[in-house]
Amino acid sequence: MIILQWYFSDRIVLWSSGAKIVTREQFPKLHDIIERIVARNNLPKPKIAVITTNMPNAFATGKGPKSSVVAVTTGILDLLDIEELEGVLAHELTHIRNRDVLVLTLASVFSTVAWYLMQFGFYGGMGYGYGGGSRDRNNGGGMILVIIGAMLTWIISFLIIRAISRYREFAADRGSAQLTGKPVKLANALMKISGTMKQVPTKDLRRVEGLNAFFIVPAVTGSTIGNLFSTHPPLEKRIQKLMEMEASMS
Amino acid sequence: MSFFRKFRKSINNNKPKTDSDAIFSLSSAYITLETKLGLKNTGRCAVSLKSVSGMHFSEMKNDIQRFLDASKAEFELSYNIVTDSYGYLWVILQGKSMEDILAQLIAVGDTIQDKGFSSHLLAAVFEFSDEGKNNNNKKHRQYLIYNYKYNKFYPFVPIGQEIRNTEEEMRIMAEIADEIPFERDMTLWYPLWDLPLEP
């Protein structure tokens, strides 16, 4: 099951996202950018796919460096300038170089096994529970231990997968910074994609102060609410790390 | 390494900073900006506050003028006081060294606070020049803004009519955010367009 999942991962992802492999004639610029990065860094060139949607996004998939696909949406092509796009593509190429699909598939082996054990134990345990009789009750106790064990394994491996995946993102950011030498461009791209770019205000401080004077309590700025409900602290972290790399390069 | 940085940061954040402490931290951070980003301090800075009519306010204005006139010769300082279209009073200082203008600006801020106008204080602005490194030798002004309400600095790099260079601003953040009280929430980086600092 897991092996199948890994083996077909690229095809499943491409099929479910509606990505179409594109030739150099269709998207010459995109091919150019990727060829420049792979040529400079001695990486195999992946296939390139495009998804027609306004959502700005990009991903990489594939079993190994030789048979990989980098997919981008038309939205991201419109949103980013060439250097920013280069940063994003270098990030995806690093995912490929680091074999992150394989790493995450392997990491999910435990959680998948634990998940099946849990299911199996749960339904199995139900059956025993209503059976009655001392021998069965002993069995039920054992079953409960299995369920708890599997549950713990599942929770822990779930957390570990999250941690690995976060770490891999940071690693890919770092890789992108090394490949392009311009971490600030990737930081810019991340801000544009997440819409943070629009949050840096253009409204004059004096005008904002003027508005606040009308209220006894200062008007709540967007950020306070944003912070409370923000689901993406990692973005700030990623940008912070990228800017630290930028600082160390200069 | 990062542990110590975090540790230091948490100490910095817990320490109750006064405006003068916070502003004076620029006396080392401006060197970082010059060596790391090639941003040269122009010797110009300004403090702005909401102008009101009334005797006390004009008295304070006179006090500032008297004080600056007195220190003019000693520090080779020139100054200018203007009111902008928003009704904010700007005390603009031009001096020889960063240390001098910092000390003068802090003194002006103290005078304003002593006269009971601390709630009127808006911002202190420090001007830098990129010496033409970005745009074929055309010098661009970059600014650090100190917000008196939040007691924090943030960068402001205008490149056109209501357009700012966020990339350059983030570079500034990366270099000096650990050195001075810095506003890390970018949604509070309110710009000050058409600064009256130009001579």
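For the structure, check the block above.
The sections below set out a description of the structure shown in this document. Note that the structure is a prediction, hence the values are computed from the model and not measured.

Rules of the game
- Residues numbered from 1 in each chain as written.
- Chains lettered and ligands numbered in written order.
- Predicted model: local features only at pLDDT ≥ 70, side-chain atom pairs only at ≥ 80, totals over all residues.
- Heavy atoms only, no water.
- Helix = DSSP H or I, 4+ residues; strand = E, 2+ residues; numbered from the N terminus.
- Buried < 20%, exposed > 50% of the residue type's maximum accessible area, 1.4 Å probe, protein only.
- Contact = heavy atoms within 4.5 Å.
- Areas by Shrake-Rupley, 256 points an atom, 1.4 Å probe, with all protein chains shown as cover.
- Buried area = accessible area lost by both parts, 1.4 Å probe.
- Salt bridge = Lys/Arg side-chain N within 4 Å of Asp/Glu carboxyl O.
- Polar contact = N/O pair within 3.5 Å; in protein donor to acceptor, adjacent residues only side chain to side chain.
- Nonpolar A, V, L, I, M, F, W, Y, C, P; charged D, E, K, R; others polar.
- Pairing = 2+ DSSP bridges.
- Axes fitted to C-alpha atoms, helices over the stretch in contact; angles between N-to-C directions.
- Phe/Tyr/Trp six-rings, centres within 6.5 Å; stacked < 30°, edge-to-face > 60°.
- Lys NZ or Arg CZ within 6 Å of the ring centre and 35° of its normal.
- Expected span 1.5 Å × (residues − 1).
- Arc of directions from axis to C-beta.

**Thoughts on the overall build of chain A**
Now for step 1: Secondary structure assignment for chain A yields 11 helices and four strands.
Now for step 2: When burial is assessed residue by residue, chain A has 40% of its 250 residues classed as buried.
Now for step 3: Nonlocal contacts in chain A, meaning residues at least 24 apart in sequence, comprise 68% of its contacts between residues at least 6 apart.
Now for step 4: In the structure as shown, chain A presents an accessible area of about 14,600 Å², 64% of it carried by carbon and sulfur atoms.

**As for the overall build of chain B**
Now for step 1: From N to C terminus, chain B includes six helices and eight strands.
Now for step 2: Reading chain B from its N terminus to its C terminus gives the helix and strand order α-α-α-β-α-β-β-α-β-β-β-β-β-α.
Now for step 3: Out of the 199 residues belonging to chain B, those deemed buried represent 50%.
Now for step 4: In chain B, of all internal contacts separated by at least 6 residues, the share reaching a separation of at least 24 is 65%.

**Some points on the interface of chain A and chain B**
Now for step 1: Across the contact, 27 residues belong to chain A and 31 residues belong to chain B.
Now for step 2: Summed over both partners, the interface of chain A with chain B buries about 2,600 Å², with 60% contributed by carbon and sulfur atoms.
Now for step 3: Area buried by chain A at its contact with chain B is led by Pro201, Leu205 and Arg206 of chain A, which between them contribute 29% of it.
Now for step 4: Linking chain A with chain B are three salt bridges.
Now for step 5: In this structure, glutamate 246 of chain A and arginine 171 of chain B form a salt bridge, with 3.1 Å as the shortest nitrogen-oxygen distance.
Now for step 6: At the junction of chain A with chain B, the criterion picks out nine residue pairs in polar contact (both at pLDDT 80 or more).
Now for step 7: Looking at the side of chain A that touches chain B, the elements with two or more residues in it are α8 (183–194), α9 (205–212), α10 (222–229) and α11 (233–249) of chain A.
Now for step 8: The greatest single-element share of the side of chain A that touches chain B, amounting to six residues, is contributed by α11 of chain A.
Now for step 9: Within the side of chain A that touches chain B, the residues separate by chemical class into 11 nonpolar, eight polar and eight charged.

**What about the sheet that holds strand β2 (residues 47–51) of chain A?**
All names here are of chain A.
Now for step 1: The strand order β1-β2-β4-β3 describes an open sheet built from four strands, whose pairing is mixed. Two strands bound the open sheet, and with one partner strand each, they are β1 (20–21) and β3 (58–62).
Now for step 2: In this structure, β1 lies alongside β2, joined through two bridges in antiparallel fashion. Its bridge partner being in β2, lysine 20 is matched across the sheet by valine 50.
Now for step 3: Helix α3 (residues 28–41) contacts β2 and β4 (68–73) of the sheet and is inclined by roughly 140 degrees relative to β2.
Now for step 4: Along the sheet, helix α5 (residues 82–97) contacts β3 and β4; its crossing angle with β4, the most-contacted strand, is approximately 150 degrees.

**Considering the packing of aromatic side chains**
A ring pair, where both rings are aromatic, is described by two values, the distance of the centres and the angle of the planes.
All names here are of chain B.
Now for step 1: Following the criterion strictly, the structure yields seven aromatic pairs over all chains and no others.
Now for step 2: Each ring, one from phenylalanine 182 and one from tryptophan 189, has its centre 6.2 Å from the other, and the planes form 90 degrees; the classification is edge-to-face.
Now for step 3: Residue placement shows lysine 50 over the ring face of tyrosine 88; its charged tip is 5.0 Å from the ring centre.

**Considering helix α4 (residues 55–75) of chain B**
Residues and elements named next belong to chain B.
Now for step 1: When the terminal C-alpha atoms of α4 are compared, their 30 Å separation across 21 residues agrees well with the 30 Å that a helix rising 1.5 Å per residue should span.
Now for step 2: For α4, the complete set of buried residues consists of Phe57, Met60, Asp63, Ile64, Leu68 and Ser71.
Now for step 3: Against the buried residues of α4 lie β1 (40–50), β2 (78–83), β3 (88–94) and α5 (98–114).
Now for step 4: The positive-phi residue at the C-terminal boundary of α4 is glutamate 76, with phi of around 50 degrees.

**Observations regarding α3 of chain A**
All names here are of chain A.
Now for step 1: The terminal C-alpha atoms of α3 lie 20 Å apart, and with 14 residues this matches the ideal 20 Å at 1.5 Å per residue to within 8%.
Now for step 2: Along α3, the residues classified as buried are Leu30, His31, Ile33, Ile34, Ile37 and Val38. An end-on view of α3 places all buried positions within 165 degrees of arc, on one side of the element. Among the exposed residues of α3, those oriented more than 90 degrees off its buried face are Lys29 and Ala39.
Now for step 3: Among the residues trailing α3, asparagine 42 stands out with phi positive, at a value near 60 degrees.

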